[in-house]
Amino acid sequence: GYGIGMGTVIDRAVYSGFYGHAGEIGHIPLGEPGLPCYCGGHSCLENTASGSGIERMAREMGLVHGNKVLSVFDIADLARQSDPKALEIWQKFSQALARGIGTIITLFNPEAVILAGRFTRCADVFFDATMEHLRQTTFPALLEETTIKVSDLKENAGPLGTCASVLHHIFYASHIPAEAVV
C-alpha cells in the first residue's frame, strides 16, 4: 500500500508476532495529535509519515492540480524547487518519521534501520532532515549504534522480503538450512 509498515528480523527470521500482525508501526500514536485514522484510532503515525500522509497534507494545503491531488513525487519535485508548502509537508513527514524510527531504536536497539518503499525515491528531500530530528530526539548512544540507510531495493523490498519469509518457512519446516540450498 501507501502506508507505513515495519519488518523486523530477529536471529535471521522475520518476526511476525503472535497472530501475525507485528510491524503495524503506522498505527502507533506518534502522528498529529487527534487526527482521525481510517483504522478507527487517532494520532496514527501513518497519517503523516507515509505516502498517503504526504498526499493528505498536500490536499489540506491546497497543493492540487485541477481536481487531482499531487503525488508524493510531484510534491518532492516542488520541494526541490523550494516551494514553501512542499517543504513544510516534507518537514512534518521527516519529524514524524524520526519519531517512529527513534521509538523503534529505543525499544529494540537494532543493528540497522533500513528504509524501503516507493517514498524512498524521494530520500534526497527528507533523509537529512529525518536524521537531524533523530539526533535531536533519540538517546545518543542508541542512535550512534544504529545504522540508518535507504535500501537500494526501493519498492521491491516488500515483495522480496515476503518471498524470503515464505522460503524461510518452507526450509524451516523441512529442517533444511537455507544455506544448504543457496
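What you see is a predicted model, and the numbers here were worked out from it, not measured in a lab.

Caption draft 1: The arrangement of the packing of helix α3 (residues 84-108) against helix α4 (residues 123-137) in detail. For the pair α3 and α4, interaxial distance at closest approach is 8 Å and the crossing angle is 50°. Overall, the two elements α3 and α4 adopt an arrangement that is oblique. The way α3 lies across α4 gives a crossing that is right-handed. Along the contact surface, α3 presents Trp90, Gln91, Phe93, Ser94, Gln95, Leu97, Ala98, Ile101 and Gly102, while α4 presents Val125, Phe126, Ala129, Thr130, His133 and Leu134.

Caption draft 2: Representation of the nonpolar core in the model. Counting 38 residues, the largest nonpolar core has Trp90, Leu97, Phe126 and Ile148 as its most contacted members. Looking at this core, the elements that each hand over two or more residues are α1 (51-60), α2 (72-80), α3, β5 (112-115), α4, α5 (140-145) and β6 (147-150). If you tally residues by element for this core, the top one is α3, at ten residues. Apart from residues no more than four positions distant in its own chain, Leu97 is found in contact with Ile4, Ala49, Leu115, Phe119, Phe126 and Thr130.

Caption draft 3: Broad picture of α3. When the terminal C-alpha atoms of α3 are compared, their 36 Å separation across 25 residues agrees well with the 36 Å that a helix rising 1.5 Å per residue should span. With a side-chain oxygen positioned 3.0 Å from the backbone nitrogen of Lys85, the residue opening α3 is Asp83. Backbone geometry just downstream of α3 places Asn109 in the positive-phi region, at approximately 45°.

Caption draft 4: Seen up close, a nonpolar patch on the surface. Taken together, Val166, Leu167 and Ile170 make up a surface patch of nonpolar side chains, about 260 Å² in accessible area. With respect to the helices and strands, the residue Ile170 is situated in helix α6 (residues 157-174).

Caption draft 5: Spotlight on α6. If you check α6, its first and last C-alpha atoms are 26 Å apart, about what 18 residues at 1.5 Å a residue would give, namely 26 Å. Downstream of α6 by one or two residues, His175 has phi in the positive range, about 60°.

Caption draft 6: Representation of unusual backbone geometry within the structure. Even without being a glycine, Ser82 presents a positive backbone phi close to 70°. Of note in this structure, Asn109 is not a glycine but carries a positive phi near 45°. Within the element layout of this structure, Asn109 appears in the loop between α3 and β5. According to the relative accessible area criterion, Asn109 is partly exposed, its value standing at 39%.

Caption draft 7: Quick peek at the packing of aromatic side chains. In total, this model carries six aromatic pairs according to the counting rule given. Centroid distance Trp90 to Phe93: 5.1 Å. Interplanar angle 70°. Geometry classified as edge-to-face. Placement of the pair is Trp90 and Phe93 together in helix α3, with a separation of three residues, close to one helical turn. A residue is classified by how much of its surface remains accessible, and Phe93, at 1% relative accessible area, is buried.

Reading guide: rules and limits
- Residues numbered from 1 in each chain as written.
- Predicted model: local features only at pLDDT ≥ 70, side-chain atom pairs only at ≥ 80, totals over all residues.
- Heavy atoms only, no water.
- Axes fitted to C-alpha atoms, helices over the stretch in contact; angles between N-to-C directions.
- Helix = DSSP H or I, 4+ residues; strand = E, 2+ residues; numbered from the N terminus.
- Parallel < 35°, antiparallel > 145°, perpendicular 65-115°, else oblique.
- Left-handed = near helix turned anticlockwise from the far one by under 90°.
- Contact = heavy atoms within 4.5 Å.
- Core = buried A, V, L, I, M, F, W, Y, C linked by side-chain atoms within 4.5 Å.
- Buried < 20%, exposed > 50% of the residue type's maximum accessible area, 1.4 Å probe, protein only.
- Expected span 1.5 Å × (residues − 1).
- Polar contact = N/O pair within 3.5 Å; in protein donor to acceptor, adjacent residues only side chain to side chain.
- Patch = residues over 30% accessible without salt bridge, like charges linked within 9 Å, V, L, I, M, F, W, Y side chains within 5 Å.
- Areas by Shrake-Rupley, 256 points an atom, 1.4 Å probe, with all protein chains shown as cover.
- Salt bridge = Lys/Arg side-chain N within 4 Å of Asp/Glu carboxyl O.
- Phe/Tyr/Trp six-rings, centres within 6.5 Å; stacked < 30°, edge-to-face > 60°.

Read these as spatial facts, not as claims about activity.
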